[in-house]
Each structure stands twice: as C-alpha cells, then as structure tokens.
Protein chains: 2
Amino acid sequence: MASGEDDLIARYFRPLATDPGALGLTDDAALLTPSGHDIVVTTDAIVEGVHFLPDDPPDTLARKALRVNLSDLAAKGAEPAGFVLTLALREAREAWLAPFARALGEDTAAFRCPLLGGDTVSTPGPLMISVTAFGRVPPGRMVHRHGAKPGDRIAVTGTIGDAALGLRMLKGQIEDQVIDAPSRDLLIERYRVPQPRNALATAIREHASAAMDVSDGLAGDLAKLCAASGVSATIEVRAVPLSGTVALLLDQYYGFEREVLSGGDDYEILCTIPENRWDSFAAAAHRAGVPVAAIGRVEAGAAPPRFLDSSGRPVKLERLSYSHF
Amino acid sequence: MASGEDDLIARYFRPLATDPGALGLTDDAALLTPSGHDIVVTTDAIVEGVHFLPDDPPDTLARKALRVNLSDLAAKGAEPAGFVLTLALREAREAWLAPFARALGEDTAAFRCPLLGGDTVSTPGPLMISVTAFGRVPPGRMVHRHGAKPGDRIAVTGTIGDAALGLRMLKGQIEDQVIDAPSRDLLIERYRVPQPRNALATAIREHASAAMDVSDGLAGDLAKLCAASGVSATIEVRAVPLSGTVALLLDQYYGFEREVLSGGDDYEILCTIPENRWDSFAAAAHRAGVPVAAIGRVEAGAAPPRFLDSSGRPVKLERLSYSHF
C-alpha cells in the first residue's frame, strides 16, 4: 500500500533518521528536545544550474547541501542538533538517490547532525536541495554578526579563494596546463565539498565578539558583519590566507585577487576577536586543529571595509559578493 | 552596497520578521527560545505545476505554503513558534513579491507564527516555496501518528473533498453550469487557501490518542495512521462530513466519492479519541469553534482500513492518496 514516495523515504532516508526525534520519518513532524539550550536555526538551499553544476556528482551535492548549513551553525557557536531536508527531484533514480543518501548518511554521522525529517517532492524543473539545520547553544550564547568593536582583530579560518577558482576550473575558464591535475582536483573539491569549521564552534562561542561564515565572498560578508556591528574595518590583503595553488594562480592571472576576495563558496569562518582574547582564541583553534589567520582590524566608523595591498593602497572591488537578483 | 537579494529581503520580508529571534533577518541564523517546551519541526514545500497552478495568485501561494505547515503543527498539538522560508524565484518582480509578502504577513500575525529567517535563491525553473515551521509543546506531549487503540473513535474536522473538487474545477474537469459561481469559488478557495485547525491544537493534545492532518487524502492518510499505530479501522462513508456543494456534486458525478476519500489537500485533522474522552473532546472542539465529526472506529488487526457504504459494502479505492513518484 505504500506509495512510491513512501518507499523512497523508507529505502533511502529512514536509515539516516537514527535520532529518536525523527520518529522513523513516519510522522507529520519531528521532535527536537532543546535540553535547556537555545535552538539556532539556519536554512540554505542549493539549486541545479545556480549553486551547483548539472553534472556535479550526487554524493558531493548531499555533502554540500548539509555542510553549507553546518557552516552557519559553526559560525554561531552552536553544536549541530539535526536537520530537515527538502528534496525536489525530476525523477526517483536509484543511481542518483543511492550515492546521495549514502554520502548524506556519512556526513550526518561525521558531524553528529541527524536527519529529523523532510519532504520529497517532484519537480519538472531543476533539482533543488533545501536544508534547515538546528544547533544548540547555552541560553543567550549564540554568536551574532553584531558585536564587533573597534580594535578587535579580524580573523579567518583556512584558506580563501580555492572554491571560487575551483568553479572557474569546472567552467573551463582556467587553462588545464596552468596547474597540475592534483592541484586542480583540490580546488574543484573545495567548490564541491565545503569543509565546515564545526570543530571551532566552542572557541567562537567563548572568544569571538562577532562571527559569520564566508559564503558569498570575504569582502561582501565582512561588509555585512561591519554593517550589523556599526563599525568599519581594514584588511591587509597579503595577510589573507591562500593555498599554494591559489597563490600560484594569482601570480599568473591578473584580476584573480578580486576573485579571491569576493568569489564566495569558501565556507570558512570570519570572526572578530577582542585583542585580550586573541591568544586564548588562537590556542583553542590550534587545539581544535583549525588554522586561523589574523587579517586586519575592526575600526570605528561607518565606511565600507578597506582592503589594502602590500603598498598600503586600497584594492578596488567591482562587486563585493554574489547576489541572486 | 547592498545586493539585489539583500534589498529584496529588506523590502519585503524584514517587516514580517518582528520576533526578536529573527534578528531582523540580518544574521546567518535565527534564534528559537524553547522556554521549557519541546520543539516540533515540520517541513513542506510547494512547487509550481505540481502543488499549485502557474496562474495561482501570489497571495494564495503565500498562505498555502505557510498553512500546510501550520496544519501539521495543529495535528501534533503544538502552538506555532515561527518558521523559515526558502523561496526559489525565476525573477524578483514587485507585482508578485508585494502581494506575496503582504499575505504572508497577514498570516504570520493571524496565526502568531513569525518569520524567523530564510533563503531567497534564483532558479531557472518552476517557482518553489519551502517552509519549515516550528511549534512548542509541553515536554513529552507531542501527539503522534502512533497511539491509536482499538475502540477509539475516529474523528475528522471540517468537511472533506472540497479542495480536490476545487482543483478539478480549476482544471476544467467539471462543467461550470453544474454549480453556481459562489459555490465554485468556495471549492477553489478551499484548494488554494487551506484553513488549518490550529484552534484545535490544545484539544488534540489533551484528548487524542493519535492525530495527523489530511493532506494526501483521507483514505491514504488514515492508512498511514493505522500502520503507525499497528491497528485497523472501519469508516462509515456516509458519516464523512461533506459541504453542500460536494454533496451536490457527488449526486451528479459518478465516481466522485472516491475523489473525496482519496483526493487530498483537505488540511483537516484526522484523529483518534478514546471513547471516554469523546464528550470532553467534542465540547473542547465546540468551544474552539471547530466542527468535528465521528466517522468510524479503530479496530484491532493489521488489515487496511475499510470504507463502508450505506449498505455496509466496502468502497473500492484504486489509489489511496497522492504520491510524487
């Protein structure tokens, strides 16, 4: 008597719904037990042809859809508590669903973020994957975009720009012979499978005055953080951490500096740390195994953040970040 | 410096984000304060050409997207706490967004379910509106699909079948002259704008042994409730509450009985009430202004629910409910 939709859910997604609150995906709703915490809620959708390419493999799509949300939870200082998944599919194909569900299951286990529920619908159009994720923070302890104060150090995790150049690789906008195949694959992997910094959540919660994840581009996201905090900022562009491959490409391609600063899809954490907290934060990040780099300072005022090159001249950016409209 | 996407959010959706937890839609995430309650989470998406027609007006789409989720909260005995909205749009048109946001704002106020956050993305394909809604219940008091016991009365709110026949009207499958224009409009309105039974949430929580909302068709949804509860059921078809218009159409169109029982989009509540709770439940429903009708009994066993006609013969249903795949 079960419909195709019920079969699909039972076959591919019920094995992932191990949390008691998921009710085996057999109810209208899921149950989230706050256990004395505040609940942080974030939602991000990815659309075929907009956020990913039609030939991106299903396992990377599963990971990306979940991880872009996990990245938000990390930036808010929250521990993952679970997520719901909305999947709009043209057809229910085993060859797509099996690797999608397998990879999603691996990530739910690795990040301890169980599947709580969802909705699977058919669409005549592009594939769309929408995730709403939940995190727990001690009451009143969510880290906001507002809260940055003049004098705070500005820090960023990992390296910036890999994903944006990975997307250019996939689109054939960078000649293959410029870099070796493993380096090329690394950039593409950074675009397809973000590495959210959930290991840093506690350190962010304990030390950051403000934080957000870098999803639309470092320049634009910093501008948002500054606007929410009512401050300005100065960034030393040469302090922005780059992978070896990105540094090499910057040497060869004029203009890629801007791509790095406003390209997006980094899913690193941008945060502001009061000076007297910096050493503790850096030590906590080291213990968590997350590289962090100080890239500038928060300043008083309402001016847009300035990005200074090695000569101290402002870098001009035509667009700060990606916009859908 | 704000992008088109930021402008769109600020202009149309920030006015709806009145809850402090929404943080003015200027952060990566929203904050949901459980206040000692469990959080009930439900998610439902509607897709153009699948769940609604391309020429359905934007104000009705806003209401439908939110209300199908509010209906789930009501059936779980939960009070609305807020929702996040994912909107996939081909273009950002004032003529569509303004009435959409205005109607959504009216519903968030009427149902006390504030907008907490969301994601607005572009799509080359059909419009899609995905809502994840949150409700609060006292700890351990969410009403499940499981819990129905043999001997319980089966009840349903409102009337069944109006929306399914409204959709047939819109598709031109029922001749216009069969019913008068106001009756026709009422059926279409039931399809386009569900009336979720949130006024009944407390009564459900206090009296129902199991509950769900009727979204995919009474027959199929009852089968799901029975399967989750490990029981069977018998329904008297003549006891299923019908509007005057649906009753008239049943007289004229052979086969519409099945459409009523398995058509879907009703967004009424189906629940099971222990016999010794019936009077209290009926009184509470009356006080809440929600019509309820007893339509059958829960029975022991694993057989699919039976629908008996006025002669006591089982009504044969080809399909129990809508399935996407």
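No experiment lies behind these values; they were computed from the predicted model shown.

### Considering the overall build of chain A
In terms of helices and strands, chain A carries 10 helices and 11 strands. On C-alpha atoms alone, chain A measures out to a radius of gyration of 20 Å, which is about the 20 Å that the 2.2 N^0.38 rule sets for 325 residues. In terms of its C-alpha atoms, chain A occupies a principal-axis envelope of roughly 70 × 50 × 35 Å. Residue pairs at least 24 apart in sequence account for 88% of intrachain contacts in chain A once pairs closer than 6 positions are excluded.

### A word on the sheet that holds strand β3 (residues 79-89) of chain B
If you trace the five strands from one edge of the open sheet to the other, you get β1(A)-β2(B)-β5(B)-β3(B)-β4(B), paired in mixed fashion. Strands at the two margins of the open sheet, each flanked by one partner only, are β1 (30-32) of chain A together with β4 (115-122) of chain B. The sheet shows a mean angle of 20° between the axes of neighbouring strands, direction not considered. With three bridges connecting them, β1 of chain A and strand β2 (residues 38-47) of chain B associate as antiparallel partners.

### A look at the interface of chain A and chain B
Taken residue by residue, the interface counts 60 residues in chain A and 60 residues in chain B. Top element by residues in the side of chain A that touches chain B is strand β2 (residues 38-47) of chain A. It accounts for nine residues. Of the residues that constitute the side of chain A that touches chain B, the class distribution is 30 nonpolar, 20 polar and 10 charged.

### Focus: helix α8 (residues 244-252) of chain B
All names here are of chain B. For α8, the full list of buried residues reads Thr245, Val246 and Leu249. Seen end-on, α8 carries its buried residues on one side only, within an arc spanning 95°. Of the exposed residues in α8, those oriented more than 90 degrees away from the buried face are Gly244 and Asp251. Packed against the buried residues of α8 are α4 (162-170), α5 (181-192) and α9 (256-262).

### Looking at the domain arrangement of chain A
All names here are of chain A. On domain assignment, one finds that chain A holds domain 1 (4-137) and domain 2 (153-308). A separation of 26 Å is found between the C-alpha centroids of domain 1 and domain 2. Every contact between the two is made by 19 residues of domain 1 and, on the other side, 17 residues of domain 2. Those elements giving two or more residues to the side of domain 1 that touches domain 2 turn out to be α2 (58-75) and β3 (79-89).

### Focus on unusual backbone geometry
Residues and elements named next belong to chain A. Of note, the phi angle at Asp265 is positive, near 65°, even though the residue is not glycine. Looking at where Asp265 falls in the secondary structure, it is placed in the loop between α9 (256-262) and β9 (268-273). Its 22 C-beta neighbours within 10 Å are what place Asp265 among the buried residues. For Tyr267, which is not glycine, the phi torsion reads 55° and is therefore positive. Along the chain, the position of Tyr267 falls in the loop between α9 and β9. The exposure class assigned to Tyr267 is buried, which follows from the 25 C-beta atoms found within 10 Å.

### Here's the deal with the sheet that holds strand β10 (residues 292-299) of chain B
All names here are of chain B. Taking strand neighbours across the sheet as the criterion, the six strands line up as β7-β9-β6-β10-β8-β11 in an open arrangement whose pairing is mixed. Two strands in the sheet have a free side with no partner beyond their single neighbour: β7 (210-214) and β11 (306-308). Neighbouring strand axes in the sheet, compared pairwise and without regard to direction, differ in orientation by 25° on average. Pairing of strand β8 (residues 232-236) with β11, which is carried by three bridges, proceeds in the parallel orientation. Paired with Thr234 across the bridge in β11 is Arg306. Contacting β6 (153-157), β7, β8, β9 (268-273) and β11, helix α7 (residues 218-229) runs over the sheet at an angle of about 155° to β7.

### Overview of the pairing of β3 of chain A
All names here are of chain A. Burial analysis of β3 places 10 of its 11 residues in the buried class, which makes it a mostly covered element. Examined bridge by bridge, β3 and strand β5 (residues 128-137) share nine bridges and lie antiparallel to one another. Counted as the bridge partner of Pro80 is Gly135 from β5. Sheet topology places β3 next to strand β4 (residues 115-122); seven bridges connect them, and they run parallel.

### Brief notes about the packing of helix α2 (residues 58-75) of chain B against helix α3 (residues 94-110) of chain B
All names here are of chain B. The geometry of α2 relative to α3 is characterised by a closest axis approach of 7 Å and an angle of 40° between their N-to-C directions. The orientation of α2 relative to α3 falls into the category oblique. Handedness of the crossing formed by α2 with α3: right-handed. Side by side, α2 and α3 meet where Pro58, Asp59, Leu61, Ala62, Arg63, Leu66 and Arg67 of the first sit next to Trp96, Pro99, Phe100, Arg102, Ala103, Leu104 and Asp107 of the second. Of the residues contributing to the contact of α2 with α3, the split by class is nine nonpolar, no polar and five charged.

### Overview of the environment of Gly77 of chain B
By secondary structure assignment, the location of Gly77 of chain B is in the loop between α2 and β3. Residue contacts for Gly77 of chain B: discarding those within four places in its chain leaves Val137, Arg141, Met142, Val143, Ala201, Ile204 and Arg205 of chain B.

### Some details on the relation of the copies chain A and chain B
Expressed as a screw operation, the relation of chain A to chain B combines 0.0 Å of axial shift with a rotation of 180°, fitting to an RMSD of 0.0 Å. Here the copies are linked by what is in effect a two-fold axis. In terms of proximity to the rotation axis, the leading residue of chain A is Gly125 of chain A, whose C-alpha is 2.4 Å off the axis. A shared interface surface links the copies, since 100% of the contact residues of chain A are contact residues in chain B too.

Cut-off values and rules
Residues numbered from 1 in each chain as written. Chains lettered and ligands numbered in written order. Predicted model: local features only at pLDDT ≥ 70, side-chain atom pairs only at ≥ 80, totals over all residues. Helix = DSSP H or I, 4+ residues; strand = E, 2+ residues; numbered from the N terminus. Rg over C-alpha atoms; globule rule 2.2 N^0.38 Å. Contact = placed C-beta atoms within 7 Å. Pairing = 2+ DSSP bridges. Axes fitted to C-alpha atoms, helices over the stretch in contact; angles between N-to-C directions. Nonpolar A, V, L, I, M, F, W, Y, C, P; charged D, E, K, R; others polar. Buried ≥ 20, exposed ≤ 12 C-beta atoms within 10 Å, placed from the backbone. Arc of directions from axis to C-beta. Domains from an automatic or database assignment. Parallel < 35°, antiparallel > 145°, perpendicular 65-115°, else oblique. Left-handed = near helix turned anticlockwise from the far one by under 90°. Least-squares fit on C-alpha atoms with pLDDT ≥ 70 in both.

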